[in-house]
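# Results of the structural survey
So you can see what is in the structure, the chains are spelled out below.
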Amino acid sequence: MLSGTDAAGLADANRLGELIYHELISLPEIVSTAPRYPNRELLDHLEASRMTDDFYRVIGGERHEGAIVVSQFDEPVDYSPMLSGRVANIVPVDSIDRVTAAVNAYTQTIGIYPESLKRQLRNTLPLFGAQRLTSLGYACSVAVAMPQDAIEPIRRMCKWIVDEECDPATVVPLWELARP
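Cut-offs and rules
Residues numbered from 1 in each chain as written. Predicted model: local features only at pLDDT ≥ 70, side-chain atom pairs only at ≥ 80, totals over all residues. Heavy atoms only, no water. Helix = DSSP H or I, 4+ residues; strand = E, 2+ residues; numbered from the N terminus. Buried < 20%, exposed > 50% of the residue type's maximum accessible area, 1.4 Å probe, protein only. Lys, Arg positive; Asp, Glu negative; His and termini not counted. Salt bridge = Lys/Arg side-chain N within 4 Å of Asp/Glu carboxyl O. Polar contact = N/O pair within 3.5 Å; in protein donor to acceptor, adjacent residues only side chain to side chain. Contact = heavy atoms within 4.5 Å. Core = buried A, V, L, I, M, F, W, Y, C linked by side-chain atoms within 4.5 Å. Phe/Tyr/Trp six-rings, centres within 6.5 Å; stacked < 30°, edge-to-face > 60°. Patch = residues over 30% accessible without salt bridge, like charges linked within 9 Å, V, L, I, M, F, W, Y side chains within 5 Å. Areas by Shrake-Rupley, 256 points an atom, 1.4 Å probe, with all protein chains shown as cover.

Turning our eyes to something else, we now look at the side chain of R86. Positionally, R86 belongs in the loop between β2 (67-71) and β3 (87-90). Buried and without a salt bridge, R86 has E65 as its closest oppositely charged side chain, separated by 7.0 Å. Here S32 takes part through its side chain, which lies 3.1 Å from a polar atom of the side chain of R86.

Encoded structure:
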C-alpha cells in the first residue's frame, strides 16, 4: 500500500485493514467462507504476531474466520508464503518502486487502485512474475477465455486450425512479387 510509513501512513494502512476485514467477513457464502481446515502453523504465526504490536497489527482471526495483518513497517510478515484461508498482509511503503519486491512467479492476480497506477505498473510487474492486473476488488471477476496461471486453458482444450482463403485479385501471391 502506497501510504507511507510515517504515523499518518500507518494510520491509513491500519484503517484500510479494518475496512478490508469488515468486508471480508461480510462476503456472502457463495463468494467466500471461513476455511474449513485452517492451517495450524499459520494460526500460530498470527497469534505470535498479535503479541508484537510494534511490528504488526492483526485484525480478526480469533475465530479462524480470516484476518488482516497490517505490517507497521515496509516489510511483509516472515510467513507471507503461507498466507491463505482469507488471511492477508497489508504492507505500507513509501515508494511504488518497493512494490516489485513482493511480486514473484507465484503472484497470479494483483488488484490495483487507482486505475492510473495500474497503467503505470502494467509494463513492470510482469517482469517480476505478475500474471494478471485487475481493478481492486475484482479478482473473482474472471473471463472464462482469459489466460490463467500463465497458460491459456481454453485454447489448450481445443484443436485449433486456421482455414484461410485468399483471392489473388485482392491478395498478391508471393510468387508474383518475386517476378522481375
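In this section: the environment of H45. With respect to the helices, strands and loops of the structure, H45 is situated in helix α2 (residues 40-50). In this structure, the C-alpha to C-alpha distance between H45 and V77, residues 32 residues apart in sequence, is 9.3 Å. In this view, H45 contacts Y79 and M82; residues no more than four positions away in its chain are not counted.

All right, on to the nonpolar core then. Ranked by size, the top nonpolar core spans eleven residues in total: L42, L43, L46, Y56, V58, A67, V69, V77, Y79, M82 and V87. Secondary structure elements with two or more residues in this core: α2, β1 (56-60) and β2. Counting residues per element, this core draws most heavily on α2, which supplies three residues. Listed in part, the eight residues of the second largest apolar core include V103, L117, L121 and A130.

Bringing the packing of aromatic side chains into the picture now. Per the stated rule, a full pass over the model turns up two aromatic pairs. Both rings, one in F55 and one in F73, keep their centres 6.0 Å apart while their planes meet at 85°; by these two values the pair is edge-to-face. Placement of the pair is F55 in the loop between α2 and β1 and F73 in the loop between β2 and β3, with a sequence separation of 18 residues. Owing to a relative accessible area of 47%, F55 belongs among the partly exposed residues under this scheme. For F73, a relative accessible area of 26% translates into the label partly exposed. Ring geometry for Y56 and F73: centres 5.8 Å apart, planes at 50°, overall tilted. Of this pair, Y56 sits in strand β1 while F73 is found in the loop between β2 and β3, placing the two residues 17 residues apart along the sequence. Of the residues examined, Y56 reaches a relative accessible area of 11% and is grouped as buried. Linked through ring pairs, F55, Y56 and F73 together constitute an aromatic cluster.

The grouping of M1, L16 and I20 at the surface amounts to a nonpolar patch, some 200 Å² of accessible area in total. Tracing the backbone shows M1 in the segment before α1 (7-26).

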